[in-house]
Amino acid sequence: MPAPPDPSLLYPDVAAGGSLATALRAAAEGCLGAVPVTSPDSAPLLHATVASTLPHREPLSISAWWHERRWSISGTEPFQGLSLIDGVTDDLAEVARAARAWHDGAVLGDIRRAAPFVHLTGRFEVPDHDPARLTESEWRSMRQEAGELEYAWQQTYQALIEAAHAEPALRALYPFTSHWVLRFSTSSRPRLTVVGPSLSASADGSYGVGGGAADADFGRFPTAREAVAQAVRRLPSGLGPTTLGGPAVTGL
């Protein structure tokens, strides 16, 4: 891959102001007012953050692309570190409108209405970290993601996610994926407690059930419903409600 160009070539207006934060304020035409906007000393032309008034929102992250004049945003929640909104645009004024709404605590749908380039990930905010609601939020995001994929195997994968969600025993567990393999946990992020088998969808339209992240040692099935039924049969008995995941363990 060729070396990225000097950011000042793609973003001469940003370079003239000295930072993306300064350029964002200029493009905002006053809509950011006294909202805190900062750029890091290490890459001031490429990155900026906008703080939120809500404690359950991280500062909105804004990043410039290296090879094309565009900006990406990401708005996450701090407990799990998962994205609530993202998006890509070539209009810095749109970024400013999204940043203002994020800062002011606007509901997620209203942020999208203020700046239509904003993509809602499907997750909803759970300020009290209720594990049942975090589980529901993650299922909603996973189902939305499955419907939005642009891969040849999208329909097969979506059928798997929908079949798993339709099964109450699996829907009560916290879902996550690794390399598009569906796994389950009895606790939410940030520290997962993996339980039960894995489920996978193959390009040939079949579905695997396995004991590991990418195995199908428990069988391969022609329909998602059959694979899910096999997974449910292999769940441990006595699983209680999903619990709140503790701090992530590092150094393991």
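As a reminder, the structure under discussion sits directly above these lines.
Note that the coordinates shown come from a computational prediction; the quantities given were computed from them, not determined experimentally.

Q: Quick question: what am I supposed to make of the packing of aromatic side chains here?
A: The geometry of an aromatic ring pair is captured by two quantities: the separation of the ring centres and the angle between the planes. In total, this model carries seven aromatic pairs according to the counting rule given. Considering the side-chain rings of Y151 and W153, the 4.8 Å spacing of their centres and the 10 degrees angle between planes classify their relative orientation as stacked. Take Y151: its relative accessible area is 46%, and that puts it in the partly exposed class. Measuring from centroid to centroid gives 6.2 Å for Y151 and W180, while their planes differ by 70 degrees, and the two rings are edge-to-face. Placement of Y151 in the loop between α6 (131–148) and α7 (154–166) and of W180 in the loop between β7 (174–178) and β8 (181–185) is noted, with a sequence separation of 29 residues between them. Members of the aromatic cluster, connected to one another through ring pairs, are Y151, W153, Y157 and W180. The cationic tip of R57 hangs over the ring face of W102; the distance from NZ or CZ to the ring centre is 4.6 Å. One cation-aromatic arrangement involves R70 over W65; the distance from NZ or CZ to the ring centre is 5.7 Å.

Q: Can you help me understand α7 in this one?
A: Each α-helix winds once per 3.6 residues, and so residues spaced three or four apart point in a common direction. For α7, built from 13 residues, the straight-helix expectation of 18 Å at 1.5 Å per residue is met to within 8% by its first-to-last C-alpha distance of 18 Å. Q154, T156, Y157, L160, I161, A163, A164 and H165 are the residues of α7 that are buried.

Q: I tried to follow the sheet that holds strand β4 (residues 71–76) on my own but got confused; where do I start?
A: Pairing between sheet strands relies on hydrogen bonds along the backbone, with the strands arranged either parallel or antiparallel. Taken together, the six strands give an open sheet; going across it, the order is β1-β2-β3-β4-β5-β6, and neighbouring strands pair in antiparallel fashion. Across the chains shown, the open sheet's two edge strands, defined by having one partner strand only, are β1 (37–38) and β6 (119–120). Two strands pair when backbone bridges link them, and strand β2 (residues 47–50) and strand β3 (residues 60–64) are joined in this way by four bridges, in the antiparallel orientation. Residue H47 lies in a different strand from β3, and its bridge partner there is S63. Helix-sheet contacts for helix α4 (residues 92–104) involve β2, β3, β4 and β5 (83–89), and the interaxial angle to β4 is about 10 degrees.

Q: Just to check I follow, could you spell out the pairing of β5 for this structure?
A: Both faces of the sheet carry side chains from a regular strand, because those side chains alternate between them. The element β5 is largely enclosed, with a buried count of five among its seven residues. Two strands pair when backbone bridges link them, and β4 and β5 are joined in this way by six bridges, in the antiparallel orientation. For S74, the partnering residue across the bridge sits in β5 and is D86. Counting the residues between successive antiparallel strands, the hairpin from β4 to β5 contains six residues, one of them, G81, with a positive phi of roughly 75 degrees. Where β5 lies against β6, two bridges are found, and the strand directions are antiparallel. Pairing of I85 across the sheet is with L120, part of β6.

Q: Would you mind showing me how to read the pattern of salt bridges here?
A: Side chains bearing opposite charge may pair, as long as their charged atoms lie close to each other. This model, assessed by the stated rule, comprises nine salt bridges. Among the salt bridges present, the one from E136 reaches R133, with a minimum N-O distance of 3.3 Å. Here E136 pairs with R133, and both are found in helix α6, just three residues apart, close to one helical turn. One network of salt bridges, with partners in common, ties together R123, E138 and R189.

Q: Explanation requested: the environment of L134 in the structure shown.
A: Inspection of the secondary structure assignment puts L134 in helix α6. C-alpha of L134 to C-alpha of T243: the two residues are 109 residues apart in sequence and 9.8 Å apart in space.

Analysis parameters
Residues numbered from 1 in each chain as written. Predicted model: local features only at pLDDT ≥ 70, side-chain atom pairs only at ≥ 80, totals over all residues. Heavy atoms only, no water. Phe/Tyr/Trp six-rings, centres within 6.5 Å; stacked < 30°, edge-to-face > 60°. Buried < 20%, exposed > 50% of the residue type's maximum accessible area, 1.4 Å probe, protein only. Helix = DSSP H or I, 4+ residues; strand = E, 2+ residues; numbered from the N terminus. Lys NZ or Arg CZ within 6 Å of the ring centre and 35° of its normal. Expected span 1.5 Å × (residues − 1). Pairing = 2+ DSSP bridges. Contact = heavy atoms within 4.5 Å. Axes fitted to C-alpha atoms, helices over the stretch in contact; angles between N-to-C directions. Salt bridge = Lys/Arg side-chain N within 4 Å of Asp/Glu carboxyl O.

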